[in-house]
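Now for the letters of each chain:
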Amino acid sequence: MSSLQLRNIEKNYGNYHALRGINLDVAPGEFIVMVGPSGCGKSTLLKSIAGLEPITSGTMIINGRDVTRAEPGERGIAMVFQSYALYPHMSVAENMGFGLRMAKRPKPEIDAAVARAAKILRLTDQLDKLPRQLSGGQRQRVAIGRAITRAPEVFLFDEPLSNLDAALRTQMRVELSTLHAELGATMVYVTHDQVEAMTMASRIVVLNQGRIEQVGSPLDLYRNPDNFFVAGFLGAPRMNFFEASVVALEEGWVRVSNPGAGVFSIALRPGARLEVGDTVKVGVRPEAFHLAEEDDGLAASVRLVEHLGRETIVYADATPLLSVGSDTGTSNVTIHLPDIVGLAAGASIRIAFDPDQAYLFGGPDDQTLSPPKASAI
Ligand SMILES: Nc1ncnc2c1ncn2[C@@H]1O[C@H](COP(=O)(O)OP(=O)(O)O)[C@@H](O)[C@H]1O
Ligand SMILES: [Mg+2]
């Protein structure tokens, strides 16, 4: 049985269509991470699941129970927001037990639930403090503790770590993953942080303009994006995209031409429909580029080098490669090298990629036309 089932969820704010035909089944204990550009409907979807926003149509089922019209308090969910909004005049213990006190639970039960949550969140020594006496990370843990004490069937998190500094975010990310493993609870987590999505999720849901673009495990989405949008959205630095035109088609292959890369062949997935003269997009991940010998690859000029310690990111101009969407005809390429490279701005380099590592997108919805790539693990 699913923990959470969303069936054809539609949501309008007046005549703005915020959620479009959302269908999703979440298995018990899954950690679902929702990502998507700002304004794509992530918070709207979470608030709809929580019952804080009425949906326009569709059905929601939590643990087999239809909760479409249920009040927030009757849904068996708890939600943690970005602004953790603790009650400033209440102690940590009082904040964490608030939901249970509102539900008029007996005091021994509340005390036990608070003690258990505090132990899990390492807040046992902080229970008598006021929120202003805590660090940002501790306050966010109290907010999570307030959710845990209610023993919900599903936890909803809306960008809970985005107000924390980078070091604390990394620490909390690990803590939340551990917490998920300990509680075995179902979690739906919204973030715009690539690393959080890739590392925490059992499955990632990519939203765009109120629709689900793709659902899958992090590595599967990374290796096998269904379309241009998902390919460009997952991965930092972003995938490089070039325009190319189809010059020939053979069984299972297409030959494309690009002013910088010349003419080369890319494999086609069965059923992909293209015609000679079509414009397609070629995608190459930054790590799929390598530095080439003098008489190989294509020429590029280094604009900026980021030395990250063990690896190097090179931003180069590879005109006339022709980036997708470039109205100036120039081409900015990002290259991720797995080692330290003695390059500086202004250097002339040659770069190349293996066409097997490239992606092809085309057709009316910019679907992926290259064959699925074998998963790394
Ligand atoms: N209460 C509201 N009334 C009208 N429009 C809203 C309301 N809340 C959100 N929206 C609109 O719905 C869209 C999705 O918003 P939201 O779910 O907050 O996006 P996200 O969390 O992905 O950034 C946005 O265009 C936003 O302006
Ligand atoms: Mg939001």
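Residues numbered from 1 in each chain as written. Chains lettered and ligands numbered in written order. Predicted model: local features only at pLDDT ≥ 70, side-chain atom pairs only at ≥ 80, totals over all residues.

Asks: Before we move on, can you summarise helix 2 (residues 92–102) with the specific residues and values?
Replies: All of the buried residues along helix 2 are Val92, Ala93, Asn95, Met96, Gly97, Gly99 and Leu100. Elements in contact with the buried residues of helix 2: helix 3 (107–120) and helix 4 (136–148). Lys104 lies just past helix 2 and shows a positive phi near 60°. (Buried ≥ 20, exposed ≤ 12 C-beta atoms within 10 Å, placed from the backbone. Helix = DSSP H or I, 4+ residues; strand = E, 2+ residues; numbered from the N terminus. Contact = placed C-beta atoms within 7 Å.)

Asks: An account of the domain arrangement of the protein is requested, with residue identities and associated values reported.
Replies: What the domain assignment lists for the protein is domain 1 (4–229) and domain 2 (239–368). Each of domain 1 and domain 2 has a C-alpha centre, and the two are 38 Å apart. Tallied by class, the residues present in the side of domain 1 that touches domain 2 amount to two nonpolar, one polar and one charged. (Domains from an automatic or database assignment. Nonpolar A, V, L, I, M, F, W, Y, C, P; charged D, E, K, R; others polar.)

Asks: How would you summarise the environment of Ile148 if you had to cite specific residues and measurements?
Replies: Mapped onto the fold, Ile148 is located in helix 4. Discounting residues that sit within four places of it in the chain, Ile148 has contacts with Ala117 and Ile120.

Asks: Please provide a residue-by-residue account of the environment of Leu123, values included.
Replies: Among the secondary structure elements, Leu123 is positioned in the loop between helix 3 and helix 4. Residues Leu123 and Val142 lie 19 residues apart in sequence; the distance between their C-alpha atoms is 7.8 Å. Every residue in contact with Leu123, bar those within four places of it in the chain, is listed here: Val92, Ala118, Gln138, Arg141, Val142 and Gly145.

Asks: If you had to explain the pairing of strand 11 (residues 240–250) to someone new, which residues and values would you point to?
Replies: Each regular strand displays side chains that alternate between the two surfaces of the sheet. In this sheet, strand 14 (residues 279–284) lies alongside strand 11 in antiparallel orientation, the contact comprising six bridges. Across the sheet, the residue bridging to Asn240 is Val284, located in strand 14. With five bridges joining them, strand 11 and strand 12 (residues 253–258) adopt antiparallel strand pairing. Counterpart to Ala248 in the pairing with strand 12 is Arg255. (Pairing = 2+ DSSP bridges.)

Asks: Got a sec to walk through the sheet that holds strand 2 (residues 16–26)? Specific residues and values, please.
Replies: Hydrogen bonds along the backbone pair up the strands of a sheet, which may run parallel or antiparallel. Pairing in this open sheet of four strands is antiparallel, and the strands run 2-1-4-5 from one edge to the other. Two strands close off the open sheet at either side, each with one partner strand: strand 2 and strand 5 (65–66). Summarising the sheet, strand 4 (residues 57–62) and strand 5 pair through two bridges and their orientation is antiparallel. Note on strand 5: the bridge partner recorded for Ile62 is Arg65. Its contacts with the sheet place helix 1 (residues 42–50) against strand 1 (4–13), strand 2 and strand 4, and it is angled at close to 65° to strand 2. (Axes fitted to C-alpha atoms, helices over the stretch in contact; angles between N-to-C directions.)

Asks: Got a sec to walk through the nonpolar core? Specific residues and values, please.
Replies: In terms of nonpolar packing, the biggest core is built from 94 residues, with Ile32, Val33, Met34, Leu156, Val188 and Tyr189 touching the most fellow members. When residues are assigned to domains, this core turns out to be shared by domain 1 (4–229) and domain 2 (239–368), each giving three or more. Excluding its chain neighbours within four sequence positions, the residues that come into contact with Ile32 are Val26, Met187, Val188, Tyr189, Ala201, Ser202, Arg203 and Val205. (Core = buried A, V, L, I, M, F, W, Y, C linked by C-beta atoms within 7 Å.)

Asks: For the site of ligand 1, give the residues involved together with the corresponding values.
Replies: Ligand 1 sits among Tyr13, Tyr16, Ala18, Gly36, Ser38, Gly39, Cys40, Gly41, Lys42, Ser43 and Thr44. Elements supplying a minimum of two residues to the shell around ligand 1: strand 2 and helix 1. Among the elements that take part in the shell around ligand 1, helix 1 stands out by supplying three residues, more than any other. Class assignment for the residues of the shell around ligand 1 results in four nonpolar, six polar and one charged. (Near = placed C-beta within 6 Å.)

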